[in-house]
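# Structural overview for review
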Amino acid sequence: MNIHDLRKQITRDRIGSEMHDFISELYPICRSITGNGVRATLRRIRTHIPLEIREVPSGTKVFDWLIPNEWNIRDAYIKDSRGNKIIDFGRCNLHVLSYSTPVKRKIKLSELRKHLFSIPEKPDWIPYRTSYYSENWGFCMSHRQLESLTQEEYEVCIDSVLEPGYLSYGEYLIPGSSTDEVLISCHICHPSLCNDNLSGIALSTMLAKTLKALTLRYSYRFLLIPGTIGSIAWLCLNEKQVSKIKHGIVLANVGDEGITTYKKSRRGNSEVDRIFEHILRHSGTDYRIEDFSPYGYDERQYCSPAFDLPVGCLMRTPHDQFGEYHTSADNLDFIKPWSLGDSFLKCLSAVSVLETNQVYSNRSPKCEPQLGRRGLYRDLGGNVDKKAAEFAMLWVLNQSDATHSLLDIAERSGMHFDDIERAAHLLLSAGLLEESTDQVQEVQSHAGTK
Amino acid sequence: MNIHDLRKQITRDRIGSEMHDFISELYPICRSITGNGVRATLRRIRTHIPLEIREVPSGTKVFDWLIPNEWNIRDAYIKDSRGNKIIDFGRCNLHVLSYSTPVKRKIKLSELRKHLFSIPEKPDWIPYRTSYYSENWGFCMSHRQLESLTQEEYEVCIDSVLEPGYLSYGEYLIPGSSTDEVLISCHICHPSLCNDNLSGIALSTMLAKTLKALTLRYSYRFLLIPGTIGSIAWLCLNEKQVSKIKHGIVLANVGDEGITTYKKSRRGNSEVDRIFEHILRHSGTDYRIEDFSPYGYDERQYCSPAFDLPVGCLMRTPHDQFGEYHTSADNLDFIKPWSLGDSFLKCLSAVSVLETNQVYSNRSPKCEPQLGRRGLYRDLGGNVDKKAAEFAMLWVLNQSDATHSLLDIAERSGMHFDDIERAAHLLLSAGLLEESTDQVQEVQSHAGTK
Amino acid sequence: MNIHDLRKQITRDRIGSEMHDFISELYPICRSITGNGVRATLRRIRTHIPLEIREVPSGTKVFDWLIPNEWNIRDAYIKDSRGNKIIDFGRCNLHVLSYSTPVKRKIKLSELRKHLFSIPEKPDWIPYRTSYYSENWGFCMSHRQLESLTQEEYEVCIDSVLEPGYLSYGEYLIPGSSTDEVLISCHICHPSLCNDNLSGIALSTMLAKTLKALTLRYSYRFLLIPGTIGSIAWLCLNEKQVSKIKHGIVLANVGDEGITTYKKSRRGNSEVDRIFEHILRHSGTDYRIEDFSPYGYDERQYCSPAFDLPVGCLMRTPHDQFGEYHTSADNLDFIKPWSLGDSFLKCLSAVSVLETNQVYSNRSPKCEPQLGRRGLYRDLGGNVDKKAAEFAMLWVLNQSDATHSLLDIAERSGMHFDDIERAAHLLLSAGLLEESTDQVQEVQSHAGTK
């Protein structure tokens, strides 16, 4: 099946619901940057796609970093002096500071408060906090609950283990006819947070599941990894193969109701940047294009200066622009099937452009060829329906001089890539175009030196 | 005579009236892409300029096209059952579908209607329709008349001939001191339509008539050709000489009351593009600059990818933006002497810039030369009239480092080219400038690689 | 002492008052392009900085110009028929047309009026007029006074000397660790005019006085010269050393209450242009950036095509935009200590950027280095104060690939240069950066070829 046929079969509502269902399934799992929660998540993803689960031992040096000890947690609670569990990890895994060291003891309120985190401005929400690289323990709770604590002795228990083990991540390569790769990456290291991490996981999974049925030009590499340390580990362990990555996208926060945001790669004009800008410009809805900045998600690592990969980031609302970020309010209600489905379809459109964006040569470049006698042109004029198709053909013929890709032509003409691509297909069938021996990538890199 | 002196002698009103008179003379002739109407038109033009009339035999292969059979028409009519001529080609040559095959027979209304064309939204106008490359016959009429037809038998007669002959076009070269050429092209294939075709014919003719009296730097090649097939034929038959064309302009719809529109060449920053933009920006009136697109007039062929000539298109209202286009309302009232004269003067200004745009070198490039002792500078200050002239001199001196043309300097300074050119002339006389050995073209092509 | 420490010690009010005091001291001196007034001015400057006073003999050929005769004046007056001094040079040195030849005679009003200058639109102000290169004599007065003159015989006396002598100027070089130079130039040729000439003199003097206490990267060359002929003379006499000048600024009209104006060098994107734009953009106040034009102050000569030095011009209100220009109203009240101090601080900021703008290489360019274990990163997040500092570090790490200067990084990130520079300093101390062997200049010139 080719991608055009496939796009006709997928509806936003169905794929959006499927994604939301999958997120609901993964929501209760307590993930962190290492540990059994990550493995459980990867195993559920494996029910959809044949993901490889990789394990990197604690202590492995990955560039400037060391793989940390593995963290696992069985239980945690705070009991008041009457023995009531006032905080119970079993009810919400955000209650425990991620990577908390084990603790079990009685403690006064004044001492306990040094280990408690809340959000005074949002008194009903539980914050999500971590302490990966400096040993500590702590509890997160709503500010209302924190305020209600009285001067008494509490029993705190965190039944966690922090010891040498592994960092786990998932990797899945869908081979295409070329060894050139498209990287699709998302983070999988957050516990019960939906927009932040689960929306990206669901989109990656469903996109991989969809693409594996197709005959593809590019190879597609999916990485489902713990944030920061995961991408650093992958880049370090696969340094020799990194140059195969010709395009890439990081997926994060793709499920909230906000407008779509695309954050450009460090290069700022790479093909993936231009593709997402094109798709969003023609999407008929508001959108936001952000310039690259060296904070955000794993694009920070992919775009570090020694790699400088053409990897952007697709989001709806960026992490620093929604209040629910890193709180218990980033829950199953906060993400919407409509938004999830819309994000999916935009990714699929981007893949469609990547797959079909080519540089052609007009085989009849001296004046216009006579479209009429090939049945490509209206005879008596006036047919409004055909007009756009003809304009697209004229644009493709005029610009196909072995230096302009179809995306270039779409941008110069102001027409939608799909219309330009359809025109190119017609002209190719009529023998008026041929594939240029130049590769898009080379033209791209040439453009990059401007 | 040089172009500066000439420009002082020409007034917009006089040249505009002359053009309108010439259009009135050509208006009744029934032109098409071939045939005696074209020849008659070219002969009238020959009363003004020594045009060569070229004839290309039917069946000649010109790139992807064949020269079609020649079409001539003597008479055409529709008679009602009482023998009244309700449509008479003799009264308006738009009544016949151009390239109609001969027909003479009785026909029922239901059958006849398949061969009738009208414009329901403009019930009083007769449309102009053609069928060059697929055999057909037909009549065009006002919608009001079409609606009034009754269920009866009609007699239709089209006394036309469509058989091997020739495609005719006019060509005139005014030699300059250089063999580098400026192409001026217009189409001559429409019957009684004024803005569309006759305005361009009149402007080309009067411009050629004017320029032939001058000592010129460039050679000027005027082409008066049937649209599309004419430019394709010329490019094919003159392929080896095409590279002589360094600048060019297509003239079409230059007589209506709308603001001036300049449509850029495919290159988008060629010298002719920059010249017309400069002239329009300083014209003191509204104007429109359009990016290149591969539909319109013969710039489509000149700008096809294998030629990519620096040829723009000068119009007032573009064809797809006035309702009178290709209707009987594009008549002698629709075009105005003022507009025709204004379009003429803008072309003459453009020629003037082309002729005098040079790259100079400041012969005293270390600091400013002392303009005062050469009588080029006011002594006691305060003379407002001289100030602009001095600024222009300072700009020319500062920028004339063998890389900037006078047009570059005009654009950087924001001053009018004519003021900059006058300053350069003064400085040249004072020995402070010399012509650079670099050619403008080379500098241009360098600029083009940015 | 380094420039960062120094900047903390200087307050706008104190330096502004110091500058205003110095201007008050220089105000009464009658300067012109040559003569004892210039020497007296240079000697006063020498009480602050060890200025060299250079003397160029009259008649010396400097490029296209000759050094003029030296002009000195002892006294000048107009007496009415009753012997009353109605104009007295001793009361205001603007009263005499600068470079007036000697005259002493009785004269009728009708004849006298040919030698009188006033400003009808500003009837109380005395204009400032000169006639350097064409011999003449004259008096300047308020229009009110001119109008009150009656038909009688006047005695005019100008006790001046115009004869071979010298053109005097001041030069001071503060050596830095590099022989690459920063040029700071101002004109010193106007009599009692404050914004025009004295404000620039005061700023140059105080800046030189300040910088000479520092350890500097660049060498700083201060030129205090008569306008036009002074810079032409210096460039001619120092032609072989001109290429040492890597950056430069002309200072003029830096004391009025208007917003700051920076006029770009002829190159338009030189480092000094980008630095002043950066400083003004982050200044929190309105400002104006003007493109280069070949009129103004001595940047005309520094930016003449054979030199094309990267020299801009810092002003508050440009000369052609304040009515007080070249009149007695450009006096001690017209300039403000606040404005003078503000202009000084902006220059010092620019020097600070020049001194510290470097190209670095990230020594850990594969992914981000772990800032946390180096104490460079917050542990538990949330500390708003540190956030900007961390963003700056991430930007510097991401962009320091031996092609981007700190100024480039400041511009791409939108952050203030000082924040970026501080981050670079921290990272350098932590061993995460190293100086690139590439010079900023080379990167700059590369950028210039875009």
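Residues numbered from 1 in each chain as written. Chains lettered and ligands numbered in written order. Predicted model: local features only at pLDDT ≥ 70, side-chain atom pairs only at ≥ 80, totals over all residues. Heavy atoms only, no water.

Opposite the 23 residues of chain C that make contact, chain A presents 27 residues. For the pair chain C and chain A, the summed buried surface comes to about 2100 Å²; carbon and sulfur atoms form 50% of the total. Scanning the region where chain C abuts chain A turns up five salt bridges. Measuring nitrogen to oxygen at the nearest pair gives 2.8 Å for the salt bridge that ties D64(A) to R373(C). Between the two partners, chain C and chain A, sit 13 residue pairs in polar contact (both at pLDDT 80 or more). Those elements giving two or more residues to the side of chain C that touches chain A turn out to be α11 (384-399) and β18 (401-405) of chain C. Considering every element that reaches the side of chain C that touches chain A, the biggest residue donor is α11(C), with six residues. Among the residues making up the side of chain C that touches chain A, the classes are represented as nine nonpolar, seven polar and seven charged. (Contact = heavy atoms within 4.5 Å. Buried area = accessible area lost by both parts, 1.4 Å probe. Salt bridge = Lys/Arg side-chain N within 4 Å of Asp/Glu carboxyl O. Polar contact = N/O pair within 3.5 Å; in protein donor to acceptor, adjacent residues only side chain to side chain. Helix = DSSP H or I, 4+ residues; strand = E, 2+ residues; numbered from the N terminus. Nonpolar A, V, L, I, M, F, W, Y, C, P; charged D, E, K, R; others polar.)

Attention now moves to the packing of helix α2 (residues 12-26) of chain C against helix α3 (residues 36-45) of chain C. Residues and elements named next belong to chain C. With their axes 11 Å apart at the nearest point, α2 and α3 run at an angle of 150 degrees to one another. Relative to α3, the element α2 is oriented roughly antiparallel. Judged by the sense of rotation from one axis to the other, the crossing of α2 with α3 is right-handed. Judged by residue contacts, F22, E25 and L26 of α2 engage T41, R44 and I45 from α3. (Axes fitted to C-alpha atoms, helices over the stretch in contact; angles between N-to-C directions. Parallel < 35°, antiparallel > 145°, perpendicular 65-115°, else oblique. Left-handed = near helix turned anticlockwise from the far one by under 90°.)

Between chain C and chain A, which share one sequence, the superposing operator has a rotation angle of 120 degrees and an axial displacement of 0.1 Å; the RMSD is 0.0 Å. Both copies of the chain, as the preceding transformation shows, are related through a three-fold rotation axis. (Least-squares fit on C-alpha atoms with pLDDT ≥ 70 in both.)

Okay, α2(C) next. All names here are of chain C. Over its 15 residues, α2 extends 21 Å from the first C-alpha to the last, a length consistent with the 21 Å expected when each residue adds 1.5 Å. For α2, every residue scored as buried is listed here: I15, G16, M19, H20, F22, I23 and L26. Down the axis of α2, the sector holding all buried residues measures 160 degrees, keeping them to one side. Turned more than 90 degrees away from the buried face of α2, the exposed residues are D13 and D21. Turning to α2, the residues buried within the fold contact α3, α6 (194-211) and α10 (337-356). (Expected span 1.5 Å × (residues − 1). Buried < 20%, exposed > 50% of the residue type's maximum accessible area, 1.4 Å probe, protein only. Arc of directions from axis to C-beta.)

Let's shift gears to the confidence of the model for chain A. For residues with low pLDDT, the predicted coordinates do not support detailed interpretation. All names here are of chain A. Overall, the prediction assigns chain A a mean pLDDT of 94, with 95% of residues at 70 or greater. For the stretch residues 439-450, pLDDT sits under 50, and the model shows 16 contacts to residues farther than four places along the chain or on other chains. Interface predicted TM-score (ipTM) for the complex: 0.93; the corresponding pTM is 0.93. (pLDDT = per-residue confidence, 0-100.)

What follows is about the pairing of strand β12 (residues 219-225) of chain C. Regular strands place side chains that alternate from one sheet face to the opposite one. Residues and elements named next belong to chain C. Burial of β12 is extensive: seven of the seven residues sit out of reach of the surface. Burial along β12 is two-sided: the residues S219, R221, L223 and I225 and Y220, F222 and L224 are all buried. Two elements, strand β10 (residues 166-174) and β12, share five bridges in a ladder whose sense is antiparallel. Within β12, the position partnered with Y172 by the bridge is F222. The pairing of strand β11 (residues 181-187) with β12 spans seven bridges and is parallel. Within the sheet, the bridge partner assigned to L183 lies in β12 and is R221. In this region the chain leaves β11, passes through α6 and returns to the parallel neighbour β12; the handedness of that crossover is right-handed. (Pairing = 2+ DSSP bridges. Right-handed = clockwise from strand over helix to strand, strands pointing away.)

Moving on to the interface of chain C and chain B. Note: interface size is frequently given as the accessible area lost on complex formation between the parts. On the chain B side, the residues contacting the 27 residues of chain C number 23 residues. Considering only the surface of chain C that becomes buried against chain B, D64(C), R266(C) and Y295(C) emerge as the three largest contributors, covering 28% of it. Here chain C is connected to chain B by five salt bridges. Put simply, chain C and chain B have 13 residue pairs in polar contact (both at pLDDT 80 or more) between them. Of the residues assigned to the side of chain C that touches chain B, the class counts are 14 nonpolar, eight polar and five charged.

Before going further, it helps to examine the packing of aromatic side chains. Residue and element names in this part refer to chain C. Summed over all chains, the structure comprises 36 aromatic pairs over all chains. Between W65 and Y133, the ring centres sit 5.6 Å apart and the planes meet at 70 degrees, which makes this aromatic pair edge-to-face. Of this pair, W65 sits in strand β3 (residues 65-66) while Y133 is found in the loop between β7 (116-117) and β8 (139-140), placing the two residues 68 residues apart along the sequence. Here W65 falls in the buried class, since its relative accessible area comes to 7%. Ring geometry for Y99 against Y132: centres 5.4 Å apart, planes inclined by 80 degrees, an arrangement best described as edge-to-face. Here Y132 lies in the loop between β7 and β8 and Y99 lies in the loop between β5 (85-88) and β6 (103-108), a separation of 33 residues in the sequence. With relative accessibility at 2%, the residue Y99 sits in the buried group. (Phe/Tyr/Trp six-rings, centres within 6.5 Å; stacked < 30°, edge-to-face > 60°.)

With that out of the way, let us pick up the nonpolar core. Counting 77 residues, the largest nonpolar core has I201(B), L211(B), Y220(B), F222(B), F344(B), I420(B) and L427(B) as the members making the most contacts within it. The greatest single-element share of this core, amounting to nine residues, is contributed by helix α6 (residues 194-211) of chain B. I188(A), L198(A), I249(A) and L354(A) belong to the second largest nonpolar core, which has 76 residues in total. (Core = buried A, V, L, I, M, F, W, Y, C linked by side-chain atoms within 4.5 Å.)

Glancing now at the sheet that holds strand β14 (residues 260-263) of chain B. All names here are of chain B. In space, the eight strands of this open sheet follow the order β1-β10-β12-β11-β13-β16-β14-β15, with mixed pairing throughout. Only two strands of the sheet have a single neighbouring strand rather than two, namely β1 (52-57) and β15 (287-290). Adjacent strand axes in the sheet meet at a mean angle of 20 degrees, parallel and antiparallel pairs treated alike. In this fold helix α3 (residues 36-45) packs onto β1, β10 (166-174) and β12 (219-225), with an angle of close to 20 degrees to the strand it touches most, β10. Its contacts with the sheet put helix α7 (residues 229-237) on β1, β10, β12 and β13 (245-251), and the angle it makes with β10 is roughly 65 degrees.

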